[in-house]
Amino acid sequence: MSADNTQEDDVLRLLHTADWHLGMDFPSFAEEQRRTLRRARLEAIDTVFLTASRRRTDAVLCAGDLFDDPMPADDVWRGLADKLKGTDSHRPIFLLPGNHDPLTSDSIWSHPRFRAELPAWVHVVDSEPFEMPIGEGAVLYAVPCRSKAGQSDPTRKIPGRDPSDKRIRIGLVHGSTFDMPGVQVDFPIAKDAAIERGLDYLAIGDTHGFRIVPPERPIPPTVYPGTPEPTAFEEHLPGNVVVVGFSSRREARVEAEPVARFKWERAVVTQMRELRALAKRDLRRAVLHLVVELRLGRAEYDEARDILADLAGSDDRAGHVGVLELNEHGVVLEAGEADWAEFAEPIRIAAERLRALTARPDTRAKAERAIAHLYAVARKSA
Amino acid sequence: MKRLMRLAVAWFGCIERAEVTLGSGLNVLYGPNDLGKSTLAAAIRAGLLLPARSSYANRYAPWRHDAEPEVELEFVDIEDRAWRVKKSFSSSGSAELIASRDGVTFAGDVVTAREVDDQLRKLLKLGIPSPGGKGAPRGLPDSFLAEVLLSDQTSVDAVLKGSLESDGEVGGRVRLAEALQAVGLDKSLKDALDHANAEVDKFFAESGKRRGGKASPYARHKQRIDELTRERDELVRQRDRALMAEELVAKRRDEHDAAARALEAAETCLSQCRSALEAWRAIDAAEALARDAAAVLAEIEARAAAVDARVGVLASLDGRARGCTTELEARTQARTAAEQALRLAEDDVRRAADDEAETRRELQRHELRAKLAELAARARDADARADALDGLRSATTALAAAEQVTRELGAAAARTEAEIAEDRAKQASTLDRRALLRDVDARARECRAATTSERAAEEASRGLAAREDARNLEAGATELEAKAPRDLPDRAARMEIQNLERALDRAEAALGGVGVTVTLRPQRPLALEAIVDSAPLPRAVITDATTLEATRTASITIGDIVVIDVAAGSEEARRVLEEARRDWAGKGAPVLARVGASSVADLSAACDAADEIAAQIAHKRGEAKRRIADAEQHEARASMLRESAARDAPGAPPTGDREALDRELTAIEARGHGALSNELGRVEKDLIAIAARLADNEREQAVSRDRLARGEVDVASTRAALHSARTNVGDVDPAAAERDLAEERDAIARTMVTAERALEAIDVGVSEAKKNAAAALTEARAKLEARLAAQRTAQAEVDEARAAAAREQGALDEARRAIAGDDRATARVAADAREADAETLPRPTGPRVDEAALREASTRRDDAARSVAFASTELATAEGASTTTGGAAAKERHAAIEEAYHVACEAERELELDADGWMLLRDTLRDVEREQGQHLGRALAGPLHARVEDLTHGRYQLDLGASLETHAIDGIRVADLDDALKALSVGTREQLATLLRVTIAESLGAAIMLDDHLVQSDVSRLSWFRDLLRKAAAKTQIIVFTCKPDDYVSGDDGDDMMRAINLAPLVKRIEQ
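What counts as what
Residues numbered from 1 in each chain as written. Chains lettered and ligands numbered in written order. Predicted model: local features only at pLDDT ≥ 70, side-chain atom pairs only at ≥ 80, totals over all residues. Heavy atoms only, no water. Contact = heavy atoms within 4.5 Å. Buried area = accessible area lost by both parts, 1.4 Å probe. Polar contact = N/O pair within 3.5 Å; in protein donor to acceptor, adjacent residues only side chain to side chain. Helix = DSSP H or I, 4+ residues; strand = E, 2+ residues; numbered from the N terminus. Nonpolar A, V, L, I, M, F, W, Y, C, P; charged D, E, K, R; others polar. Buried < 20%, exposed > 50% of the residue type's maximum accessible area, 1.4 Å probe, protein only. Pairing = 2+ DSSP bridges. Patch = residues over 30% accessible without salt bridge, like charges linked within 9 Å, V, L, I, M, F, W, Y side chains within 5 Å. Areas by Shrake-Rupley, 256 points an atom, 1.4 Å probe, with all protein chains shown as cover. Salt bridge = Lys/Arg side-chain N within 4 Å of Asp/Glu carboxyl O. Axes fitted to C-alpha atoms, helices over the stretch in contact; angles between N-to-C directions. Expected span 1.5 Å × (residues − 1). Arc of directions from axis to C-beta. Parallel < 35°, antiparallel > 145°, perpendicular 65-115°, else oblique. Left-handed = near helix turned anticlockwise from the far one by under 90°. pLDDT = per-residue confidence, 0-100. Right-handed = clockwise from strand over helix to strand, strands pointing away.

J.: So what exactly am I meant to see when it comes to the interface of chain B and chain A here?
T.: In many analyses, interface size is given as the accessible surface area lost on bringing the parts together. Counting residues at the interface gives 54 residues for chain B, matched by 42 residues for chain A. Summing the contributions of chain B and of chain A, the shared interface buries around 4,300 Å²; its carbon and sulfur component is 57%. Per-residue buried area on chain B facing chain A is highest for Leu913, Leu920 and Leu921 of chain B; these three make up 11% of the total on that side. Our enumeration of links across chain B and chain A arrives at nine residue pairs in polar contact (both at pLDDT 80 or more). When contributions to the side of chain B that touches chain A are tallied by element, the ones reaching two or more residues are helix H6 (187-203), helix H7 (217-352), helix H8 (355-483), helix H9 (491-511), helix H11 (600-648), helix H17 (851-882) and helix H18 (887-934) of chain B. Tallying contributions element by element places H18 of chain B first for the side of chain B that touches chain A, with 25 residues. Class assignment for the residues of the side of chain B that touches chain A results in 19 nonpolar, 16 polar and 19 charged.

Structural data, given as structure tokens:
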């Protein structure tokens, strides 16, 4: 066994990834942050291929939803094509159309310039059943999504195992094994599809978190690797690829390997000490949705403002957080009379009047905001 | 009035005519005493303030001339509009006010008469009420501002003692308050207000509505919300379409499932119907068999009962025969007695007749009697033959019946025989099939056991491999553990070290950019060691001046003489740096040294590497545990599979050819899972059914055979009886014989009657004696006849009884023969067995099923199958339609856009709250500003106090009230203002008054007229004032009337804002 936990006696080793969602837009973020997040998705592909190389895998299986949209922008597909051209020529890469980027006549998979850009060792699953040997002892069966939605199980199109077939049989499809009663899913995949189709490993994509289905049946494995770079805050175990090794007995050994740049996190700060603790963390590789709800006296208000300014950064200074989605409207200055003492009388009078308005429910929000404005202006003027 | 442009006067006071054009800034109108400068000033006041017909103007009437004083002024109001006012003062005076659009020509609307002053006062806003109204002044109208801006040289105290309080109109106060707000506010309030105004202007239009348009702060949000709304609407449509398609698929799937369930139910129902029908058929057959058996039993019992009945009848007949015999014997005795009596009577008769006749008669009688005896014998013979014929007829009928029964029994036996043969053939073939299926089953179990054994072996092998993997992983973890660095600080300690480093960096950065230069000028060669900004310099010997440039620190060691530490920056910054360095040296550096790291980054890298190794160890151990768990699962599965294989192994190996068995097995399993066991079960059931049917048929056959045998015995006995009857009858036609016999019997009866009559005739003719004898004889004969008749009757009865008994005996014998083969016990057992068989058959639940119900169930199954086919088509159509929707991708995109939409709306709300906050802040600041500005004395204090302090070198200060009334003069310790004013010199009073007036005019941006206001001032203060006026002239027009222009104009003055006007050539005084 090598230092990176790779079984030296594996007869076949694959890297399984899915759900790259290149070109995803992240519409709730600010434009600059959206650019950062879009860029991170493309950069994650570098880590994916580096991992494939480092773990000396024999092939890379990409199980669908590689683009967020059937026809991504030019810079998106060109970016991927450039990265694919930089991969090892001896390691075949299989690209499977998923429900986000289905194989249609007007999708990227039918784009002649994109296809022309792909090197010879990159194979697009554009037929069904798609069958291709991997080395001498293994064969890949893949079925592409041909529409954005569908109710048929794609594994049904994979031929069953002939009893005389002793090869490692690998399935590659995109769909959902989620079978809660009353919940309709696209491209439903039977949980026992791997067994029924005589597969030694069923590589699937769709869910953004790493998952073995069903968890109580590890062999033959049916695996979601999840997205290599998270796409949302509520995802469970995103940010991985799966390295799967096969023994001579055709037994698959599954291992998730983290590749993500960003970790997505939500935080609600209601105590000053929480904010201070947050400021001490290294958040450069975090996508942080931060809601701050603090009612503070002047000293702590100044400190909180400074911390938040450090976290958020400005036009001429980078923030301490990779991507920060900040809701700081809950930071309220509750300055008493003594806090305003250093300011001129008219400012004190205005502050006192605004403070009186905060006692009225109908004017409270406006008055608190006005106090914040007044404090900022008066502090700057002083 | 902002600026006076031109003044023209005619016949005003001492002036006949004058015309002066004025400029912006400072206008110094000078001329000698008595030229009429104050008159010109008065003309300006009159032109602006005095109604044309006011009697007050009488004082301006020209001296010794009968002319109306006229004044014409051209001026610019505070809104930069140009006006010309022309007044001619007298009791019938006139006035005219014309506006100009270009400031040059006055050709606008003309206002005349009294409206001129009304309009002028509105334009000037000096706090003077409109003329003629309530509170309107009489004489020359006056107000505090009129006093300030237009007062004459005698009004010094009026300014210092006056105030806005006494003005008849508030316009002056309002104007001044508005003007002073701009100059009198606190700086921070002003800054805040400016800022708030700017922000409010960004957000709101002048109308108070939120700004729209592209430049609006809302525009970006609105545009984003609009974009998101459009996209959201589109995605909602896509999502709804996807949901509708999914719902349709779900609905179609439910319908399909329901149809499939209905089909399954229909098939179950059909199957149940079939089973029930078969069961009912079996029950019916069993019950028919039971009924047949019961009928056989009943028949046997009926026959036995009939025999018993016949025995009773025979006994009765025997009794009757015995009775008849006894009667016959008695009657025979009576006849014998009658015959004896007859013979006696005949003897008597014979004795009474001759012997010959008697002998003849006797002969005749004898003959007749012999004939009668013969006839009686013939009658008995005829009766016997009639009986024989009856027996023959009965025997013939019985034989036909017996033969018919025998034929029927034979046919039934043949049928039963055929069924038995058929069942036996079927039983043989079914047994063959069962043997084959058992062989196939054994083969299947053998195959399953083999497969399960293989899987068990595979599982065991996987278990071993998993344990091997676990051992390898554990070994790897142990190896990594051995390699893992130790004594690294924990996360909290690392954080503390990073904080120390940051604190040190911040402290050093705080000194950054300050810089220090150290120049060493050695008096002799010196060995120099230096560390600049923590970087050591190469050691050197210096002889000349050497300069060291450091950003923050320098440490210079000169031999062993001295070490000089130089530090840049503030003391506080250096103290912080020293403290940070101490902290670093005490807490940070030792940790780095202990670990062998050269920097915190190295330490972090080492810690990260250690964390990575720890994670790998944990991962390997976790993986090892999982592999052990896997191994246990594999082993457990292997054990289970081995047990399963043992269970599956057949008791005996299959006997047939395995390949043929495999083919058979494959063919059977092709029909579906469990087909083999189903068929085996079915064959077993068939065998049981066949065996039951065969047993039934065999029992039936035995019964049939018994009945047939008995029938044949019946036929044989009947035939024997027939033969006997025929023998009795002879070879004659029974019908003809019966007819002949009847005729014969009739002839015998007739002959007997004739013979008896002949006999009676023989006896006729006997004598009376003989008559008595004859009568006695007759009587005897009658008695004999009666006795004979009785005897015959008794004999007939005896015969009849005996015949009946014989017949009954025959029938009884026949019946006994008939039941001789009956086995009542067997028949009862068979009947009970049939009944038990019928009762033991299971009764299907529910109503009885017939063929019609089966057909109905079959129809329902076919309908359900068609429904399933239709539902399948509909489902496929719905699934096809769903592929054209956006599916989950559309839903995910909708969710993302929905969130973005809410974020954008929230941002817009926050922006609106920001705007509302600014608006509220501005309004609040304005209120504060207004309240601050309403105190005009405080508002004016800013610009005024500095000037007064400068002018008086801080000796005095004016304390002004809210309406600009002078409360006190600070610096003079008297409470009363009058006393304070008196305490001041006249010059100082006029200077303070002028200063106040100029400051107010400056604040208003209004023209001010000063008429020799500083006549009592010394040179230095005149000079101070000159400078003040020049500065003030930059903001407002100042018109100075003076006889000493040098006080305002210096020789080198080239100021564009100052104009010196010599009035002498411009003013023509009225000739004395």
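Moving on from the coordinates now.
J.: Is there a simple way to think about the pairing of strand E5 (residues 82-88) of chain B in this case?
T.: Regular strands show a simple pattern: their side chains alternate between the two faces of the sheet. All names here are of chain B. Along E5, five of the seven residues are buried, which leaves the element largely enclosed by surrounding structure. One ladder, built from seven bridges, connects strand E4 (residues 70-76) with E5; its direction is antiparallel. Along E5, the bridge assignment pairs Val71 with Lys87. In this antiparallel pair of consecutive strands, E4 and E5, the connection spans five residues, and Asp80 shows a positive phi of 65°. Pairing between E5 and strand E6 (residues 94-100): seven bridges, direction antiparallel.

J.: Please explain a nonpolar patch on the surface as it appears in this structure.
T.: All names here are of chain B. Residues Ile561, Val562 and Ile564 make up a contiguous nonpolar surface patch of about 230 Å² in total accessible area. As for its placement among the helices and strands, Ile561 is situated in the loop between strand E13 (553-558) and strand E14 (562-567). What makes Ile561 exposed here is its relative accessible area of 56%.

J.: Got a minute to help me understand the sheet that holds strand E12 (residues 252-258) of chain A in this structure?
T.: Strands belonging to one sheet form pairs held by backbone hydrogen bonds; the direction of such a pair is parallel or antiparallel. All names here are of chain A. Taken in spatial order, the six strands make up an open sheet running E4-E3-E2-E1-E11-E12, and their pairing is mixed. Taken across any chain shown, the strands that pair with only one partner, and hence form the sheet edges, are strand E4 (122-124) and E12. In this sheet, neighbouring strand axes are inclined to one another by 20° on average, regardless of whether the strands run parallel or antiparallel. The sheet contact formed by strand E3 (residues 93-95) and E4 spans three bridges and is parallel. Of the residues in E4, the one forming a bridge with Ile93 is Val122. Where helix H1 (residues 31-54) meets the sheet, its contacts fall on strand E1 (12-17), strand E2 (59-62), E3, strand E11 (240-246) and E12, and the angle it forms with E1 comes to roughly 170°.

J.: In this structure, what is going on with H1 of chain A? I would like to understand it.
T.: An α-helical turn contains 3.6 residues, so any two residues separated by three or four positions project in the same direction. Taking 1.5 Å of rise per residue, the 24 residues of H1 of chain A would be expected to cover 34 Å, and the 35 Å separating its terminal C-alpha atoms lies within 8% of that figure. Arg56 of chain A, located one to two residues past H1 of chain A, shows a positive phi value of around 50°.

J.: What is the right way to look at the pattern of salt bridges in this model?
T.: Pairing is possible between side chains of opposite charge, provided their charged atoms come close. According to the stated counting rule, one finds 120 salt bridges over all chains in the structure shown. Arg13 of chain A is the salt-bridge partner of Asp10 of chain A, the closest N and O atoms lying 3.2 Å from each other. In this structure, the salt-bridge partner of Asp914 of chain B is Arg369 of chain A, at a minimum N-O distance of 2.8 Å. Of the two residues, Asp914 of chain B is situated in helix H18 and Arg369 of chain A in helix H8 (residues 361-381); the pairing between them involves two chains. Taken together, the shared-partner salt bridges connect Asp25, Glu31, Glu32, Arg34, Arg35 and Arg38 of chain A together with Glu231 and Arg893 of chain B into one network.

J.: Even after reading the chapter, I still don't get the sheet that holds strand E7 (residues 110-112) of chain B, so can you show me in this structure?
T.: Residue and element names in this part refer to chain B. If you walk across this open sheet you meet the seven strands as E7-E6-E5-E4-E1-E2-E20, and the pairing is antiparallel. Whereas interior strands pair on both sides, the edge strands pair on one side only; in this sheet they are E7 and strand E20 (1067-1069). Taken pair by pair, the neighbouring strands of this sheet meet at an average axis angle of 10°, ignoring direction. Together, strand E1 (3-12), strand E2 (15-21), E4, E5 and E20 form the strand contacts of helix H1 (residues 37-49), whose direction differs from that of E1 by roughly 105°. Helix H2 (residues 114-124) rests against E4, E5, E6 and E7 of the sheet, and its axis sits at about 140° to E5.

J.: What's the story with helix H12 (residues 658-669) of chain B in this structure? I'm lost.
T.: All names here are of chain B. With 12 residues, H12 extends 16 Å between its outermost C-alpha atoms, agreeing within 8% with the 16 Å of an ideal straight helix rising 1.5 Å per residue. Looking at H12, one finds that the buried residues are Leu661, Leu665 and Ile668. Down the axis, H12 shows its buried residues gathered within 65° of arc, on one side only. The outward face of H12, more than 90 degrees from its buried face, is lined by the exposed residues Glu659, Arg663 and Thr666.

J.: Whenever I open this one, the packing of helix H5 (residues 272-280) of chain A against helix H6 (residues 298-312) of chain A confuses me. Can you help?
T.: The description of two helices packed together rests on the angle between their axes and the distance between the axes. All names here are of chain A. As a packed pair, H5 and H6 sit with axes 10 Å apart at the nearest point and diverge in direction by 30°. As the angle between them shows, H5 and H6 are arranged roughly parallel. For the pair H5 and H6, the crossing hand works out as left-handed. Of H6, the residues touching H5 (which contributes Met272, Leu275, Arg276, Leu278 and Ala279) are Glu300, Glu303, Ala304, Ile307, Leu308 and Leu311. Partitioning the contact of H5 with H6 into residue classes produces eight nonpolar, no polar and three charged.

J.: Help me out: how do you make sense of the confidence of the model for chain B in this one?
T.: A low pLDDT score tells you not to read the predicted coordinates there in detail. All names here are of chain B. When pLDDT is averaged along chain B, the result is 83, and 95% of the positions lie at 70 or above. Within chain B, the lowest mean pLDDT, 71, falls on helix H5 (residues 171-184), and the highest, 93, falls on E4. Predicted as a complex, the structure gets a pTM of 0.49 and an ipTM equal to 0.91.

J.: In this structure, what is going on with the pairing of E2 of chain A? I would like to understand it.
T.: Residues and elements named next belong to chain A. Burial along E2 is two-sided: the face carrying Ala59 and Leu61 and the face carrying Val60 and Cys62 are both buried. Here four bridges tie E1 to E2, and the two strands are oriented parallel to one another. Bridged to Leu15 within E2 is Val60. With respect to chirality, the unit in which E1 leads through H1 into the neighbouring parallel E2 is right-handed. Across three bridges, the pairing between E2 and E3 is parallel. Within the sheet, the bridge partner assigned to Cys62 lies in E3 and is Leu95. The β-α-β motif built from E2, the intervening helix H2 (residues 74-85) and the parallel element E3 has right-handed crossover chirality.

J.: Whenever I open this one, the side chain of Glu255 of chain A confuses me. Can you help?
T.: In this fold, Glu255 of chain A is placed in strand E12. Side-chain polar atoms of Glu255 of chain A contact the side chain of Arg55 of chain A, separated by 2.9 Å.

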